[in-house]
Amino acid sequence: MATPPHLSPKLVVGVGSLLLTLLATWATTRTAGYPTHRPLRSWPTRLATRLRRELPRGDHLTAAWAAIALWSVLVTGLHFGGVIYNVYTVLPWWDLLTHAMGGLGVAALLGFTFRRQTLRAPFWLVAAVLAIGAGFEVYEFLFKTFWHHWSLEFYVVDTIIDLVVNTAGAAVFAAATAVYRSRVRADAAEAVGDPDPESVTDSD
């Protein structure tokens, strides 16, 4: 009798992803910039509050949220289009594209939800996206079947690449935020003679 996929040696991927989720979550909560004053369970409420308050403004914040929404729709369309039309098999780099874009999009969503902390120290987003990505790999292991016919080696390599590309997307957003922060600080310092003006940070 064949060993069920979840109890085969491929279990190492599910268990490894779970352990990485826990480790990355721990690292996220201890990385500078992490919003320690807001427990994880309050994040959806915080996001909803942001959207309710900022979408009607009609300014750059409204445009930013609209851009994040459009980005999310694009990533979703690329993913499900790739599944429906078998693009993932024909174009191996399609998987890299969707994962990188997804990692960047999740980082942007977290970063704009917690702007004050992220502007001061954006690289907590990298650990956060790694934790979310690893958690998604656990979900796929438990509830998806596409990996059942894969070899253990292929499954391990695919999972590692997915996580690396996810995290790279988040790192791009964090780095761009750091560059933006440094430029805003330089412009504000030149304008008012203050090397570290608090006025450049958004209230949380």
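Residues numbered from 1 in each chain as written. Predicted model: local features only at pLDDT ≥ 70, side-chain atom pairs only at ≥ 80, totals over all residues. Heavy atoms only, no water.

1. A look at a nonpolar patch on the surface
In step 1: Among the surface-exposed residues, Leu11, Val15, Leu18, Leu19 and Leu22 lie close enough to one another that they form a single nonpolar patch of about 440 Å² accessible area.
In step 2: Along the chain, Val15 turns up in helix α1 (residues 11-29).
In step 3: Since its relative accessible area comes to 39%, Val15 is described here as partly exposed. (Patch = residues over 30% accessible without salt bridge, like charges linked within 9 Å, V, L, I, M, F, W, Y side chains within 5 Å. Areas by Shrake-Rupley, 256 points an atom, 1.4 Å probe, with all protein chains shown as cover. Salt bridge = Lys/Arg side-chain N within 4 Å of Asp/Glu carboxyl O. Helix = DSSP H or I, 4+ residues; strand = E, 2+ residues; numbered from the N terminus. Buried < 20%, exposed > 50% of the residue type's maximum accessible area, 1.4 Å probe, protein only.)

2. Quick notes on the nonpolar core
In step 1: In terms of nonpolar packing, the biggest core is built from 14 residues, with Trp43, Ala107, Leu110, Trp124, Leu125 and Phe173 touching the most fellow members.
In step 2: Looking at this core, the elements with two or more residues in it are α3 (60-84), α5 (93-113), α7 (124-143) and α8 (152-192).
In step 3: By residue number, the principal contributor to this core is α7, which donates 4 residues.
In step 4: Each residue touching Leu125, except ones within four places of it in the same chain, is listed here: Ala107, Leu110, Gly111, Thr118, Ala170 and Phe173. (Core = buried A, V, L, I, M, F, W, Y, C linked by side-chain atoms within 4.5 Å. Contact = heavy atoms within 4.5 Å.)

3. Some words on the pattern of salt bridges
In step 1: For the structure on display, the rule yields 4 salt bridges.
In step 2: Residue Arg53 is joined to Glu54 by a salt bridge in which the shortest nitrogen-to-oxygen separation is 3.9 Å.
In step 3: Since its relative accessible area comes to 1%, Glu54 is described here as buried.
In step 4: Between Arg57 and Asp59 there is a salt bridge, with its nearest N and O atoms 2.8 Å apart.
In step 5: Each of Arg50, Arg53, Glu54 and Arg115 takes part in salt bridges that share partners, so that together they form one network.

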